[in-house]
Amino acid sequence: MTFSEMMNIGLMQGFAGLSLFAVLLLMGLGLAIIFGQMGVINMAHGEFMTIGAYTVFMASTLVEAHAPAWMPYYFPLSIVAAFVFAFVLGWLAEWALIRHLYKRPLDTLLATWGVSLGLQQVFRSVIGPKEVSPTLPDWLMGSWSPSEGLDIPINGLFVLALALLVTAGVLIALYRSRWGLRVRATVSNRVMANAIGINTKKTDRLTFAIGCGVAGIAGAAFTTIGSTGPTSGSLYIVDSFLVVTFGGAASLLGTVASAFGIAQVQSITEFFLSGSMAKVLTLSFIVVVLMLRPQGLFASKVRR
């Protein structure tokens, strides 16, 4: 094998890590909003990702059967629909369940775990136990070849661009909007935020719903690189919590950095070792770093 071929393989493996980074970033971003900003351990976060993925699948099925001329255009619209459906269900979950369990993190863990199991059964009953995949538009198929022997999948480029766009949108909303100002005030000092007229209950509900909506976008992006089943979201929930805790529970910048680091370490080690050994080495690396820095890579300073 020539040096050029080795370089191309290394670059393609690194880009495979970027595709994983994009999914982990979108999942971790939604979880960072819920867990980092609100302190709610949402074990059903993966199921909101699955809702987004099934939304794309259903849209693909309906468009292919009844309006095939719309196939090139349905995917961006289904991403918006995935956010809306996950947002609405997140809003209802917060109103019906989560709002009664604030300041009781263990109870939120158990309650959302029950929601997770219930949603998985709903998926099995309504859509079926088998994994499904949507029919992707032609412009998402194929690969880009910047040089001979180097093929980069177009769907991976799309997922990466989508992840960066959503991340930029969340950061702008958090630091340049009224909602973001209310969230930061609530996180800093909930009692004072209530005293100056901020409706913290409404802020909590909107924040939880936005976090679920971002998970829905992650699910929509996931359909471009994998098939979806009732338990697909649960396969990413542990990695998502690792991303958030490793980066710093209340730091969006830490979420971006940790998602990139975890994805690249796992992708590179998978090239040399088996998938299970790559997971073990990645987890060992995270444990060592957290032993040395328990607050994560980017600890947020919160006024008490």
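In this text, all values refer to a predicted model and were calculated from it rather than measured experimentally. (Residues numbered from 1 in each chain as written. Predicted model: local features only at pLDDT ≥ 70, side-chain atom pairs only at ≥ 80, totals over all residues. Heavy atoms only, no water.)

Colleague: Honestly, the overall build of the chain in this entry has me stumped. Any pointers?
Modeller: Scanning the chain from terminus to terminus reveals 11 helices and 2 strands. Each helix and strand of the chain, ordered N terminal to C terminal, gives the series α-α-α-α-β-β-α-α-α-α-α-α-α. Every one of the 304 residues in the chain was classed for burial, and the buried ones make up 46%. Counting only contacts in the chain whose residues sit at least 6 apart along the sequence, the fraction spanning at least 24 positions is 75%. (Helix = DSSP H or I, 4+ residues; strand = E, 2+ residues; numbered from the N terminus. Buried < 20%, exposed > 50% of the residue type's maximum accessible area, 1.4 Å probe, protein only. Contact = heavy atoms within 4.5 Å.)

Colleague: Where do I start with a nonpolar patch on the surface in this structure?
Modeller: Judged by side-chain polarity, Val 80, Val 84, Phe 85, Val 88, Leu 89, Trp 91, Leu 92 and Trp 95 come together as a nonpolar surface patch covering roughly 720 Å² of accessible area. Take Trp 95: it is sitting in helix H3 (residues 74-96). Residue classification places Trp 95 among the partly exposed residues on the basis of a relative accessible area of 45%. (Patch = residues over 30% accessible without salt bridge, like charges linked within 9 Å, V, L, I, M, F, W, Y side chains within 5 Å. Areas by Shrake-Rupley, 256 points an atom, 1.4 Å probe, with all protein chains shown as cover. Salt bridge = Lys/Arg side-chain N within 4 Å of Asp/Glu carboxyl O.)

Colleague: I keep staring at the nonpolar core and nothing clicks. Help me out?
Modeller: The tendency in soluble globular proteins is for nonpolar side chains to be buried as a group. Judged by nonpolar contacts, the single largest core of 53 residues is most densely connected at Leu 24, Leu 26, Phe 75, Val 166, Val 170, Tyr 236 and Ile 262. Per-element accounting of this core gives the leading share, 13 residues, to helix H1 (residues 3-38). Excluding residues within four positions of it along the chain, Val 170 makes contact with Leu 29, Ile 33, Val 214 and Leu 252. In terms of nonpolar packing, the next biggest core, distinct from the first, is built from 16 residues, Met 38, Ala 86, Phe 208 and Ala 215 among them. (Core = buried A, V, L, I, M, F, W, Y, C linked by side-chain atoms within 4.5 Å.)

Colleague: Explain the pattern of salt bridges here, please?
Modeller: Think of it this way: side chains of opposite charge can pair up when their charged atoms draw near. For the coordinates displayed, the defined rule picks out 3 salt bridges. Between Arg 104 and Asp 107 there is a salt bridge, with the nearest N and O atoms lying 2.7 Å from each other. Arg 104 gets classed as partly exposed once you look at its relative accessible area, which sits at 40%. The shortest N-O distance in the salt bridge between Asp 204 and Arg 190 comes to 2.9 Å. Placement of the pair is Asp 204 in helix H8 (residues 200-222) and Arg 190 in helix H7 (residues 190-195), with a sequence separation of 14 residues. Judged by its relative accessible area of 31%, Arg 190 is partly exposed.

Colleague: Would you mind showing me how to read the packing of aromatic side chains here?
Modeller: To describe a pair of aromatic rings, one takes the distance between the centres and the angle between the planes. Applying the stated criterion to the full structure yields 9 aromatic pairs. A ring pair is formed by Trp 70 and Tyr 73, whose centres lie 6.0 Å apart and whose planes are at 80°; its orientation type is edge-to-face. Take Trp 70: its relative accessible area is 48%, and that puts it in the partly exposed class. Residue classification places Tyr 73 among the partly exposed residues on the basis of a relative accessible area of 49%. When the ring of Phe 87 is compared with that of Trp 91, the centres are 6.2 Å apart and the planes differ by 35°; the resulting orientation is tilted. (Phe/Tyr/Trp six-rings, centres within 6.5 Å; stacked < 30°, edge-to-face > 60°.)

Colleague: Can you walk me through H8 in this structure?
Modeller: An α-helical segment advances 3.6 residues per turn. Residues three or four places apart therefore align on the same side. The end-to-end C-alpha separation of H8 is 33 Å, in line with the 33 Å expected for 23 residues at 1.5 Å each. Most of H8 sits inside the fold, with 20 of its 23 residues counted as buried. (Expected span 1.5 Å × (residues − 1).)

Colleague: When you look at the environment of Phe 87 in this model, what are you seeing that I'm missing?
Modeller: Turning to its location among the elements, Phe 87 is positioned in helix H3. Through-space distance from the C-alpha of Phe 87 to that of Ile 210 is 5.9 Å; in sequence the pair is 123 residues apart. Beyond its immediate stretch of four places on either side in the chain, Phe 87 contacts Leu 206, Ala 209, Ile 210 and Gly 213.

Colleague: In this structure, what is going on with the side chain of Thr 108? I would like to understand it.
Modeller: When you line up the elements, Thr 108 lands in helix H4 (residues 105-126). Using a relative accessible area of 1% as the deciding quantity, one classes Thr 108 as buried. Those residues in contact with Thr 108 that sit more than four places away from it in its chain are Val 40, Ile 41 and Leu 101.

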